[in-house]
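Take a look at the letters that make up each chain.
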Amino acid sequence: MKAVATGFLLVAVVVYFFARWQENAGAGAWVGYVRAAAEAGMVGALADWFAVTALFRRPLGLPIPHTAIIPTRKDTIGRSLGDFVGTNFLAEDVVRDKLRSAEISRRIGLWLDADDHAERVTSELATAVRGAVQVLRDDDVQAIIEHGVVRKLVDQQWGPPLGRILGQVFSDGSHHKLVDLVCDRAYDWVRDNHETVLRVVSQRAPSWSPKFVDAMLADKIYAEVLSFAWAVRTDSEHPMRQAVDRFLVEFAEDLQHDEKTMARAEQIKHQVLEHPEVQNLVSSAWGTAKKMLLNAAEDSSSELRVRVRDGLRSLGARLHAEPELRAKVDGWLEGAATYVVANYRDELTTLITDTVERWDAQDTSRKIELQVGRDLQFIRINGTVVGALAGLAIYTISELLF
């Protein structure tokens, strides 16, 4: 393109000298028009060559002011570009309008609703999980578990929170099924252990007591115990059940407010956590979890991957079918994006300015010229043509007037 633009200039030069030769040879009035057009074309071509060249270098190497604009003002241009992008592209209203018109949640929903797309996302997530798990050092993770999670359990009192949970359970009556189970098992045990009751009564009886008296007494006691167990089992309002309820409610209150009970709970907590089996479980927790995660991530038919894939498809279908959910997700995206541009706009535009500042001035000028130089050479061509037409018009008008 430089050669083409220079060719236009050379044509103007040749025409100009041809016209001057014809004028000296006594040619007609037409030659004046040709000379004026060619002369103005040369001036336009040279002026535009100077303007285009001054953007990237000093014309003819001369230190003319306000030339080599891009190399000398590269950093200023970078800062101006950063400010322009921050003001016009990272404005909150611009970002909101763009996200709203993009309908991101609807597009995500349509995309995730396809089997192959959900499988692809699941596969990528599995790859990410495998990479993250393999990068983590086992010793570091185990230390976090032991000194973070276990320490939290040790430092936190168990009594009050456990008491609140049990109090809620007891007030709701959710424990009655457990009481029913205990009553059923107690009745079944008494019913099936007649001989055991007889043996216990015989062992406790005085040595001088006759055997038949012991047997009669044992049968009587067994019948009373069996009757009592049946009554507790079948009567939901039995005094024994009410006594158990009162005991459990009081126990839940004591866990929250009684110092002795809370201290006992803390003692039991330490006994549990210091038990060798619990210590072994904590020590092997990360190894077990890591193995489970890797196996689940590797197996495309694992329960974890199947649930993730089904969950993604379900999410996609809901995003496609439920305008309320789409509006909520779009609101989250808009809020997150506007928060980022409102609080980190300067950091984002700094990426532009810092990058431009690191560029070499001459290399930057050369790259920009390669990108836009073709269009800039058309300026030179247009300058030659427009200059010639302007010169022709001016000469024609002057001839008509004078």
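Residues numbered from 1 in each chain as written. Predicted model: local features only at pLDDT ≥ 70, side-chain atom pairs only at ≥ 80, totals over all residues. Heavy atoms only, no water.

**Thoughts on the domain arrangement of the protein**
Defined as follows: Domain delimitation in this document rests on an assignment produced automatically or drawn from a domain database.
Parsing the protein into structural domains produces domain 1 (1-67 + 360-401) and domain 2 (152-274). Taken over C-alpha atoms, the centre of domain 1 sits 109 Å from the centre of domain 2.

**Examining unusual backbone geometry**
Most peptide bonds take the trans configuration, and most residues that are not glycine carry a negative phi. To keep things clear, this is the line we draw: Under the DSSP-based scheme used, a helix requires at least four consecutive residues in state H or I and a strand at least two consecutive residues in state E, with every element numbered from the N terminus. Burial here depends on accessible area, computed with a 1.4 Å probe over protein chains only, as a share of the maximum for the residue type. Under 20% is buried, over 50% is exposed, and the range in between is partly exposed.
Here Glu103, not a glycine, exhibits a phi torsion of approximately 50°, which is positive. Following the sequence through the fold, Glu103 ends up in the loop between helix H5 (92-102) and helix H6 (104-112). Accessibility expressed as a relative area gives 35% for Glu103, which makes it partly exposed.

**So, the pattern of salt bridges**
Note the following rule: The salt bridge definition used is simple: a Lys or Arg side-chain nitrogen within 4 Å of an Asp or Glu carboxyl oxygen.
Using the criterion set out here, one finds 23 salt bridges in the structure. We note a salt bridge from Glu369 to Arg57, for which the minimum N-O separation is 2.6 Å. In this pair, Glu369 is assigned in helix H19 (residues 361-401) and Arg57 in the loop between helix H2 (30-56) and helix H3 (69-72), connecting sequence segments 312 residues apart. Residue classification places Glu369 among the buried positions, given a relative accessible area of 13%. Arg57 sits in the partly exposed class, given a relative accessible area of 35%. Notably, a salt bridge pairs Glu334 with Arg100, separated by 3.3 Å at the nearest N-O pair. Within this pair, whereas Glu334 is found in helix H18 (residues 323-358), its partner Arg100 is found in helix H5, the two being separated by 234 residues in sequence. Using a relative accessible area of 10% as the deciding quantity, one classes Glu334 as buried. Taken together, the shared-partner salt bridges connect Arg20, Glu23, Arg35 and Glu39 into one network.

**With respect to the layout of surface pockets**
Test applied: Only protein atoms enter the 1 Å grid, on which a cavity is a set of points fitting a 1.4 Å probe that cannot get out and a pocket is an open set with protein on both sides within 12 Å along at least 5 of 7 lines, lining residues being those with an atom within 4 Å of a point. Grid points are joined across faces, edges and corners, and a volume is the space filled by probe spheres set on the points.
The volume enclosed by the largest pocket comes to roughly 260 Å³. In terms of lining residues, the largest pocket is bounded by 14 residues, among which Val179, Val182, Cys183, Val232 and Val244 are the most central. Residue assignment for the lining of the largest pocket shows that the elements contributing at least two residues are helix H10 (176-192), helix H12 (211-234) and helix H13 (239-257). In terms of residue count, the dominant contributor to the lining of the largest pocket is H10 (5 residues). Approximately 180 Å³ is the volume found for the second largest pocket. Lining the second largest pocket are Ile70, Lys74, Ile77, Gly78, Leu81, Ile352, Thr355, Val356, Trp359, Thr364 and Ile368.

**Considering the packing of aromatic side chains**
As a reminder of what qualifies: Aromatic pairing here means that ring centres of Phe, Tyr or Trp (its six-membered ring) are within 6.5 Å. Orientation follows from the plane angle: under 30 degrees is stacked, over 60 is edge-to-face, and everything else is tilted.
Overall, the coordinates contain 6 aromatic pairs when judged by the stated rule. Between Tyr33 and Tyr395, the ring centres sit 5.0 Å apart and the planes meet at 85°, which makes this aromatic pair edge-to-face. Here Tyr33 is found in helix H2, whereas its partner Tyr395 is found in helix H19, with 362 residues between them in sequence. Owing to a relative accessible area of 29%, Tyr33 belongs among the partly exposed residues under this scheme. Consider the rings of Phe84 and Phe89, whose centres lie 5.8 Å apart with planes at 65°: the pair is edge-to-face.

**A few points about the environment of Arg120**
Note that Arg120 resides in helix H7 (residues 115-135). Owing to a relative accessible area of 53%, Arg120 belongs among the exposed residues under this scheme. Between the C-alpha atoms of Arg120 and Val4, which are 116 residues apart in sequence, the distance is 52 Å.

**A few points about the confidence of the model for the protein**
We count it as follows: Residue-level confidence of the predictor is what pLDDT reports, using numbers from 0 through 100.
Averaged over the protein, the pLDDT score is 82; the fraction of residues at 70 or greater is 91%. The least confident element of the protein, judged by mean pLDDT, is helix H8 (residues 138-155) at 66; the most confident is helix H1 (residues 2-24) at 90.

**Things to note about the environment of Arg58**
We apply this condition: Should any heavy atoms of two residues lie within 4.5 Å, those residues are counted as being in contact. Nitrogen and oxygen atoms within 3.5 Å of one another constitute a polar contact, given that in protein one can donate a hydrogen and the other can accept it, and given that sequence-neighbouring residues count only through two side-chain atoms.
Mapped onto the elements, Arg58 comes out in the loop between H2 and H3. Here Arg58 falls in the partly exposed class, since its relative accessible area comes to 35%. It is 5.1 Å that separates the C-alpha atoms of Arg58 and Ala68, two residues lying 10 residues apart in sequence. With residues up to four places along the chain from it excluded, the contact list for Arg58 reads Pro63, Ile64, Thr67, Ala68 and Thr72. Among the polar contacts listed, one links the side chain of Arg58 to the backbone oxygen of Ile64, at a separation of 3.2 Å. Within the structure, the side chain of Arg58 is placed 3.0 Å from the side chain of Thr67, a separation counted as a polar contact.

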